[in-house]
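Architecture and fold: a report
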Amino acid sequence: MAQDTTVPKLNFEYWLNKATEWGQASTLESQKDVCLHLPQLQEFLYQLYERIKHLGSTVAIQQFPLIGQLLGRLCWNPFVIGYDESQKTLMWCLCCLYSSEPQNAVELKANSWIRSLLCHLLCSSKWESNEAETSTFISALGYTSADYYCHLVKNMVISLVTELRENQFNGRNVQESTSASRVNAVSIFCVPLITLPDLTPLLETLLLYHGGSSKEILSSEFLEAVNEAFLKKKISLSESAVFSLWLRHLPSLEKATLHLLDQLFSIQLNSLEEVARIIKDSLL
């Protein structure tokens, strides 16, 4: 009971089941599910870290006997460790389980296992490949691995933006245009990456894209996540993109309105000019 009272959202069994279900995210459905749950997973991992960071490895394992199984599965899921925040928190959790002075063969074996996982995460950092052929190819282009994959993300964003804009404005027929299901899939895959600066052009293009469908083609998770990031000033969007977001997803408009009211009631306002400035900045 004390554990649930201290951290009410720490649902260890749920996330262990999820990690087992996902495996290494080899199917499209498992990849979509990972992407949809990454923000909540990151919150859980941070809460887990907060619980174990002062316990010591022995006590942490006693409280969470399956923690090794959970962390191990997550560390080998490319969609989990591709999300920089989750990768970092996984490293923190593993370091908490490392015995600085191992007392027996079990702790020695655990330390060896933790070192191998940390090496795996470090080698996977920034989507870096371990394959010698890939590294040689990247070096031949004159890039570091980090620079290469940064350019790769930018090129992917440019390609998708170009495709969506051409379909929107060039009058392609239904057979040639980007399918609603593909646009929906792109919006889902954007959810854990929304705060990446390089992704902003794609976010705005998706928000302004309507296609030929009478139904909403962007996922509600995407629309909610964009609105949340915008309200917390983690991203900057054009006015037209924000207005389109609120028009196509009324819950986001409602949340933005409540957020503005909270701002107005929670701070001391010295003049009507200050009130007007806050309202103008909110775009409402």
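Shown above is the structure to which this text applies.
Read on for an overview of the structure. (Residues numbered from 1 in each chain as written. Predicted model: local features only at pLDDT ≥ 70, side-chain atom pairs only at ≥ 80, totals over all residues. Heavy atoms only, no water.)

**Topic: the packing of helix α11 (residues 180-190) against helix α12 (residues 200-208)**
Each packed pair of helices is defined by two parameters, the angle between the axes and the distance between the axes. Rule in force here: In this analysis, axes come from line fits to C-alpha atoms, helices being fitted only over the stretch in contact, and the angle between any two N-to-C directions falls in the range 0 to 180 degrees. Strands here are runs of E lasting at least two residues and helices are runs of H or I lasting at least four, both read from the DSSP assignment and numbered beginning at the N terminus. Any angle from 65 to 115 degrees is called roughly perpendicular, while one under 35 is roughly parallel, one over 145 is roughly antiparallel, and all others are oblique. Here a crossing is called left-handed whenever its near helix is offset anticlockwise from the far helix by less than a right angle, and right-handed whenever the offset is clockwise. Contacts: residue pairs with any heavy atoms within 4.5 Å of one another. Under the convention adopted here, Pro, Cys and the residues Ala, Val, Leu, Ile, Met, Phe, Trp and Tyr are nonpolar, Asp, Glu, Lys and Arg are charged, and Gly plus all remaining residues are polar.
The contact between α11 and α12 brings their axes to 11 Å, and the two run at 140 degrees. In terms of orientation, α11 lies oblique with respect to α12. Where α11 crosses over α12, the two elements pack in a sense that is left-handed. Residues V183, V186, S187 and C190 of α11 pack against L202, L203 and L206 of α12. A breakdown of the residues in the contact of α11 with α12 according to their chemical character gives six nonpolar, one polar and no charged.

**Comments concerning the environment of W113**
So the rule is basically this: Residue exposure (1.4 Å probe, protein chains only): buried if accessible area is under 20% of the type maximum, exposed if over 50%, otherwise partly exposed.
Take W113: it is sitting in helix α8 (residues 105-124). On the accessibility criterion, W113 (32% relative accessible area) is partly exposed. Between the C-alpha atom of W113 and that of G68, which follows or precedes it by 45 residues, the distance is 9.4 Å. What W113 contacts, discounting residues up to four positions off in sequence, is G68, G72 and L94.

**Some thoughts on α12**
Helical geometry note: an α-helix holds 3.6 residues per turn, so side chains three or four residues apart project in the same direction. Counting buried positions over the nine residues of α12 gives seven, a clear majority of the element. Taken as a whole, α12 has its buried residues at T200, L202, L203, E204, T205, L206 and L207.

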